[in-house]
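Observations on chain architecture
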Amino acid sequence: MGQLQVTITPQEAIKELDKLEKDAHWSIDDGATWHKSGKILNLPVDNYTVTFKDLDCWKHTGDTPVTLIVNQLKTVKGKYKKQGALKVIIMPQAAIDASVKWRLHTGSAVGEWKNSGDTVLVAFGSTQTVEFSNVPGWMKPDDMTVVVDSCEPPIEVLIDVLPDVKKKLERNGSILIYDDKPIRLVGYGAYGLVAEKEFKFKPFLDRLDSKGINFVRIWVNYHWTNSLTPFVENGSGKYDLTKPNSIFYNRLKGFVEYAADRDIIVMVTLFDAVALDKKKDNRWKYCPYNQANNNNGYISHPDEFFDTTSSIWNIHERLISEVVNRLGDFGNVIYEVMNEPTSHGYEKDGKYSFHEKVVKHLKSKLAGHSGSKIIAVNVEEDVKLKTWAIHNVDVIAYHVKDPRDSGDYNSDPLPVIISNDGDMTQTFGKDNNSCEDFPRRLKRTKCFLLKTFENGASYGHYHFEFLDKEIYGNSWLSLNYEPNMNNVESYLDKLLNLLNGPSYSFTYSEVCTDQRVSGEPGSCP
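In this report, we go over the structure that sits alongside the text. Just so you know, these numbers come straight off a predicted model, no measurement behind them. (Residues numbered from 1 in each chain as written. Predicted model: local features only at pLDDT ≥ 70, side-chain atom pairs only at ≥ 80, totals over all residues. Heavy atoms only, no water.)

The next subject is the pattern of salt bridges. Counted by the stated rule, this structure contains 16 salt bridges. Note that K181 is salt-bridged to D179, the shortest N-O span being 3.8 Å. One salt bridge in this structure joins K243 and D240, with 4.0 Å as the shortest N-O distance. Assessed through its relative accessible area of 46%, K243 is described here as partly exposed. The exposure class assigned to D240 is buried, which follows from its relative accessible area of 15%. (Salt bridge = Lys/Arg side-chain N within 4 Å of Asp/Glu carboxyl O. Buried < 20%, exposed > 50% of the residue type's maximum accessible area, 1.4 Å probe, protein only.)

In structure tokens:
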């Protein structure tokens, strides 16, 4: 006679086996009889095959042959290794019927395309990337990064149909056209509407829509905060600029899609020179591009941000591509290259080649999409940049701090967007009706509007953005800013009523259509 002892590891696997059937761990008769881990059997000398109980999400060593010897104890170790699994469920059924599929990327390895409901076994604790197929008529979701730390976690993914791009923003000379009609944009802008993940943008957009506001400006990166950025944060306050943050980009796409359903045009500002200002507040100090705040060694000085010949350009190019991949099929987008590119103290010459290269890459990426292709440049008072922009983009944006200056651009050959720049001095000043005396905020905004649209500013040529810092309350330049509708609720009502004033109506009328489309100044509102 000989002896056989089989022990199983790890202990966690034994606990899982006991849940199935107490002491049913291993067998030598193909599962007719099961034995407990560690048990010793006295058996006739012979050849045997040890088999192990199957477990969901566990992989064992497999059948193990063993030969017993007279009066000797033979030991066999059965090892279980935890196995992860992914199941992806695609919705709705129409997307499944259209053959939308999914597959996994593990490092450089790419799996086969799978159907909705299929399960794939993977290493437990591994990081997997789920990719979806590109099917005509359906909006390809962003790749999803998943850490597999449970057995067969179902991932439910709603695949959206492509947005209706029949309503698309286009340019006709100096006029902006939307849904084949001239449009006047009058609206609202604020940092952090996307970057602050706690801000409820849907009721905000609903509120604008209920008052007829048809324009909102957002930033891809509210640079000096520690909320959502386009880059993955590693948990220690540093960012990996080479890894796109899918949570941010999903929120960005959701914002634009919700706005599109309400015919609200969204100006998406890709870059922001304000964040490169080393002299003020928390800006450059906490900017993700500052090498102190990322794992990639970018960059030691703000001037380097504009170097299109160095590797920092690869980061910019990737960000532009990621934005266009999400938004390129929406018809309600204006892509603005940079906020305030010339007024924050860094070296000036680099901004020209930077703008040229951004616009070139934008146009290249947008060419493969069906949505809006309108590109804007914030020229401020830079004549050289403005001269270049007139021949290379679709919209010129001005930030004007003095209301008296906002009516001075009627001769520009491109559509013009005037912004009041959110100037904090609007909170102070003499309480009277004179633009020249810098009255209080609401009255000064009215002056901006009246000056912007005076002298029969052509419908579709002149547009207005009210940039609002009050939405942040006291957290305007803090790291933990909190854009909050409650901060501006009563003021917003007054502002929205003001924007609906008859002297600067942006409700389309068939009157003077030819004149508006031609871009000639006239008496149209």
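Once the structure has been displayed, the description carries forward.
Moving on, we come to the packing of aromatic side chains. In this description, an aromatic ring pair is defined by two values, namely the gap between the centres and the angle between the planes. A complete count under the given rule lists 16 aromatic pairs for this structure. Centre to centre, the rings of F305 and F354 are 5.6 Å apart; their planes meet at 50 degrees, and the pair counts as tilted. In this pair, F305 is assigned in the loop between α5 (283-286) and α6 (312-327) and F354 in helix α7 (residues 350-366), connecting sequence segments 49 residues apart. Across the pair, F354 and F305 agree in class, each one buried. Three or more aromatic residues link up through ring pairs in this structure, and these residues are F231, F271, Y289, F305, F306 and F354. If you follow R262 out to its NZ or CZ, it ends over the ring of Y258, 3.5 Å from the centre. We note K384 situated over the ring of Y352; from NZ or CZ to the ring centre the distance is 4.1 Å. (Phe/Tyr/Trp six-rings, centres within 6.5 Å; stacked < 30°, edge-to-face > 60°. Helix = DSSP H or I, 4+ residues; strand = E, 2+ residues; numbered from the N terminus. Lys NZ or Arg CZ within 6 Å of the ring centre and 35° of its normal.)

Another aspect to go through is a nonpolar patch on the surface. A cluster of nonpolar side chains, V45, I69 and V70, forms an exposed patch at the surface whose accessible area comes to about 240 Å². Along the chain, the position of V70 falls in the loop between β6 (64-67) and β7 (73-91). Here V70 falls in the partly exposed class, since its relative accessible area comes to 47%. (Patch = residues over 30% accessible without salt bridge, like charges linked within 9 Å, V, L, I, M, F, W, Y side chains within 5 Å. Areas by Shrake-Rupley, 256 points an atom, 1.4 Å probe, with all protein chains shown as cover.)

This paragraph deals with the sheet that holds strand β4 (residues 47-52). The sheet built from three strands is open, its strands ordered β2-β4-β6 with antiparallel pairing. Taken across any chain shown, the strands that pair with only one partner, and hence form the sheet edges, are β2 (26-27) and β6. As judged from the four bridges shared by β4 and β6, these two strands associate in the antiparallel manner. Counted as the bridge partner of Y48 is V66 from β6. (Pairing = 2+ DSSP bridges.)

Attention now goes to the sheet that holds strand β17 (residues 186-189). If you trace the eight strands once around the closed barrel, you get β17-β18-β21-β22-β23-β24-β25-β26, paired in parallel fashion. Neighbour-to-neighbour, the strand axes of the sheet open up by a mean angle of 25 degrees, direction not taken into account. With four bridges joining them, β17 and strand β26 (residues 462-467) adopt parallel strand pairing. In the strand pairing of β26, G187 is matched with E465. (Axes fitted to C-alpha atoms, helices over the stretch in contact; angles between N-to-C directions.)

In short, the description is geometric, and any link to function would need to be established separately.
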